[in-house]
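Spelled out, the chains give:
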Amino acid sequence: MKKAVILVGGGHAHVEVLRQLSLKPSNDFDIALFDPSPSVWYSGMLPGVIAGHYEPSEAKINLWALCQRARVRFFETPILTVNGDNHRIESGLGERHRFDLLSLDIGSVARPLPASPGAYVVSVKPIDALLTAITEFESVRSSALMVRVVGGGAAAVEVALALAWRWRESTRRRVSIVAATTLLDGFPPRVRRLALQACKRLGVSVLEKSPVRQIDPTRLRLENGNLVETQLTVLATGYAPASLLDKALLSKSDNGSVAVDAQLRCLRYPTIFAAGDCADVAGLKLPKSGVYAVRHGPLLAANLLAAIHDQPLQNYRHNPHALNLISLGEQRAIAVRNGLSVAGSLVWRWKDSIDRKWMHKYALD
């Protein structure tokens, strides 16, 4: 009897699994992928899409076509529950599927904040909702518009600067960052200075050490009691687990992610794998970043294939000197590695080359 392998989510690691399966398609096992969308975004290019440097199609991977090429059945539906005890999942279509091996790569969502009815709040994830909100506000509010990006990390900086560049010719569309801590807390001080310089250059105001208590329809209520005007609030508030993990019967870490070992296997259920933002590797404190989801891909593909054929698995090898690239709205970026940083248009071109090369691996021509 063929082993049943189920992939849940079309994240960065799973597209690499599909690519490797397509190189040597096999009928030795039955494999299916479940995702609510037939295409997925490459998050590294999102700021460029918002700013207008890329067409949306340049930053999307055709998940359905990748599945066809890899002889993987594609189900355009979310998964509602995962039960590691009985090896079953339930899809959004109400169907139950048995698995011998399962892999989760479902990403994450922004940490929610309390919001009153009528408040227009959108998160940086999922990406489609963010882009829809931006275009809707552009069409409805052709005059004045105040956007507050809540968060202090790289995602908040990238989205705020991308919006500022997108609206650079408008004097009545304003963008602001509201951070609970200092901007880019945890990065080297020079990176913070470079980001603040970019914000000043594009007219993005920055409010630091200002946690948000409540989002109302026209204002943010801060923890210190101050009120800040807003019309559209974008949440870039850091990691929160996708809703599926709330209902999944799995081993979990303190933040709600799937707790996995060095081979990316669930600690409690070794027939279940997880990668990307939704996974926490035991003993490591990795940032929730597409950089690590991409790096999980080759290992996840190798270990899934090894598990199918009852072969030894490989361990994840963490590189503490990962390169971080932060877009600055215009065609400029910051590169950070080993505590050193550099910024400018050449860094943007380097980032653009890396992103396009990665996307080209999954192109179907």
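Read on for an overview of the structure. Because the structure is a prediction, the values reported are computed rather than measured.

Describing the overall build of the chain
Working step 1: Helix and strand counts for the chain come out as nine helices and 25 strands.
Working step 2: Expected size for 365 residues packed as a compact globule is a radius of gyration near 21 Å; at 21 Å, the chain falls within 12% of this value.
Working step 3: When its C-alpha atoms are laid out on the principal axes, the chain stretches across 65 × 45 × 40 Å.
Working step 4: Residue pairs at least 24 apart in sequence account for 67% of intrachain contacts in the chain once pairs closer than 6 positions are excluded.
Working step 5: If you average the places of the 44 positive and of the 32 negative side-chain charges in the chain, the two averages end up 5 Å apart.

Description of the pairing of strand 9 (residues 101–104)
Working step 1: Neither face of strand 9 is left uncovered, since the one carrying Leu101 and Ser103 and the one carrying Leu102 and Leu104 both have all their residues buried.
Working step 2: In this structure, strand 1 (residues 3–8) lies alongside strand 9, joined through four bridges in parallel fashion. Across the sheet, residue Val8 finds its bridge partner in strand 9, namely Leu104.
Working step 3: Bridging between strand 9 and strand 21 (residues 272–274) involves three bridges; their strand directions are parallel. In the strand pairing of strand 21, Ser103 is matched with Phe273.

Comments concerning empty space enclosed by the protein
Empty pockets left among the atoms are what a rolling probe the size of a water molecule brings to light.
Working step 1: Considering all chains together, one arrives at three cavities of 30 Å³ or more under this definition.
Working step 2: Size it by volume and the largest cavity reaches roughly 90 Å³.
Working step 3: Around the largest cavity, the lining comprises 14 residues; the ones closest to its centre are Gly276, Ala279, Leu286, Pro287 and Lys288.
Working step 4: Only strand 22 (279–281) and helix 8 (290–308) provide two or more residues apiece to the lining of the largest cavity.
Working step 5: Each residue belonging to the lining of the largest cavity can be placed in one class, and the counts come to seven nonpolar, three polar and four charged.

Quick look at the layout of surface pockets
Working step 1: In this structure, the second largest pocket encloses a volume near 190 Å³.
Working step 2: Lining the second largest pocket, in full, are Ser253, Asp254, Asn255, Asp280, Val281, Ala282, Gly283, Leu284, Lys285 and Leu286.
Working step 3: Considered class by class, the residues forming the lining of the second largest pocket number four nonpolar, three polar and three charged.

Some points on the side chain of Asp355
Working step 1: Tracing the backbone through its elements, the reader meets Asp355 in helix 9 (residues 345–360).
Working step 2: Here Asp355 falls in the buried class, since its relative accessible area comes to 4%.
Working step 3: A polar side-chain atom of Asp355 sits 3.0 Å from a polar atom in the side chain of Tyr42.
Working step 4: Leave out the neighbours within four places in its chain, and Asp355 touches Tyr42, Gly44 and Met45.

Some points on the sheet that holds strand 21
Working step 1: Ordered in space as 5-2-1-9-21, the five strands form an open sheet in which the pairing is parallel. Here the strands that pair on one side only, and so sit at the sheet edges, are strand 5 (73–76) and strand 21. Across the sheet, the mean angle separating the axes of adjacent strands is 15° when strand polarity is ignored.
Working step 2: Pairing between strand 2 (residues 29–35) and strand 5: four bridges, direction parallel. If you follow Leu33 over to strand 5, its bridge partner there is Phe74.
Working step 3: Helix 1 (residues 12–23) rests against strand 1, strand 2 and strand 9 of the sheet, and its axis sits at about 140° to strand 1.

Observations regarding the environment of Tyr362
Working step 1: Its place among the elements puts Tyr362 in the segment after helix 9.
Working step 2: Spatially, the C-alpha atom of Tyr362 lies 9.1 Å from that of Leu18, the residues being 344 residues apart in sequence.
Working step 3: With sequence-adjacent residues up to four places away left out, Tyr362 is seen in contact with Val15, Glu16, Arg19, Ile61 and Leu66.
Working step 4: Among the polar contacts listed, one links the side chain of Tyr362 to the side chain of Glu16, at a separation of 2.6 Å.

Section: helix 6 (residues 189–202)
Working step 1: For helix 6, built from 14 residues, the straight-helix expectation of 20 Å at 1.5 Å per residue is met to within 8% by its first-to-last C-alpha distance of 20 Å.
Working step 2: Regarding helix 6, the residues found buried are Val191, Leu194, Ala195, Ala198, Cys199 and Leu202. Mapping the buried residues of helix 6 onto a view down its axis gives an arc of 140°, with all of them on the same face. Among the exposed residues of helix 6, those oriented more than 90 degrees off its buried face are Pro189 and Lys200.
Working step 3: If you follow the buried residues of helix 6, they end up packed against helix 5 (154–166), strand 13 (173–178), strand 14 (205–207), strand 23 (324–328), strand 24 (330–337) and strand 25 (340–344).
Working step 4: Gly203 occupies a position one or two residues after helix 6 and carries a positive phi of about 75°.

Some remarks on the environment of Val72
Working step 1: Tracing the backbone through its elements, the reader meets Val72 in the loop between helix 3 (63–70) and strand 5.
Working step 2: Residue classification places Val72 among the buried residues on the basis of a relative accessible area of 3%.
Working step 3: Residues Val72 and Asp85, 13 residues apart in the sequence, show an inter-C-alpha distance of 25 Å.

Quick notes on the pairing of strand 7 (residues 88–91)
Working step 1: Burial along strand 7 is one-sided: the residues Ile89 and Ser91 are buried and none of Arg88 and Glu90 is.
Working step 2: In this structure, strand 6 (residues 79–83) lies alongside strand 7, joined through four bridges in antiparallel fashion. Counterpart to Asn83 in the pairing with strand 7 is Arg88.
Working step 3: Counting the residues that bridge the hairpin from strand 6 to strand 7 gives four residues, and of these His87 lies at a positive phi of roughly 55°.

Calculation criteria
- Residues numbered from 1 in each chain as written.
- Predicted model: local features only at pLDDT ≥ 70, side-chain atom pairs only at ≥ 80, totals over all residues.
- Heavy atoms only, no water.
- Helix = DSSP H or I, 4+ residues; strand = E, 2+ residues; numbered from the N terminus.
- Rg over C-alpha atoms; globule rule 2.2 N^0.38 Å.
- Contact = heavy atoms within 4.5 Å.
- Lys, Arg positive; Asp, Glu negative; His and termini not counted.
- Charge placed at Lys NZ, Arg CZ, Asp CG, Glu CD.
- Buried < 20%, exposed > 50% of the residue type's maximum accessible area, 1.4 Å probe, protein only.
- Pairing = 2+ DSSP bridges.
- 1 Å grid on protein atoms, 1.4 Å probe; cavity = no way out; pocket = protein on both sides within 12 Å on 5 of 7 lines; lining within 4 Å.
- Points joined across faces, edges and corners; volume = space filled by probe spheres on them.
- Nonpolar A, V, L, I, M, F, W, Y, C, P; charged D, E, K, R; others polar.
- Polar contact = N/O pair within 3.5 Å; in protein donor to acceptor, adjacent residues only side chain to side chain.
- Axes fitted to C-alpha atoms, helices over the stretch in contact; angles between N-to-C directions.
- Expected span 1.5 Å × (residues − 1).
- Arc of directions from axis to C-beta.

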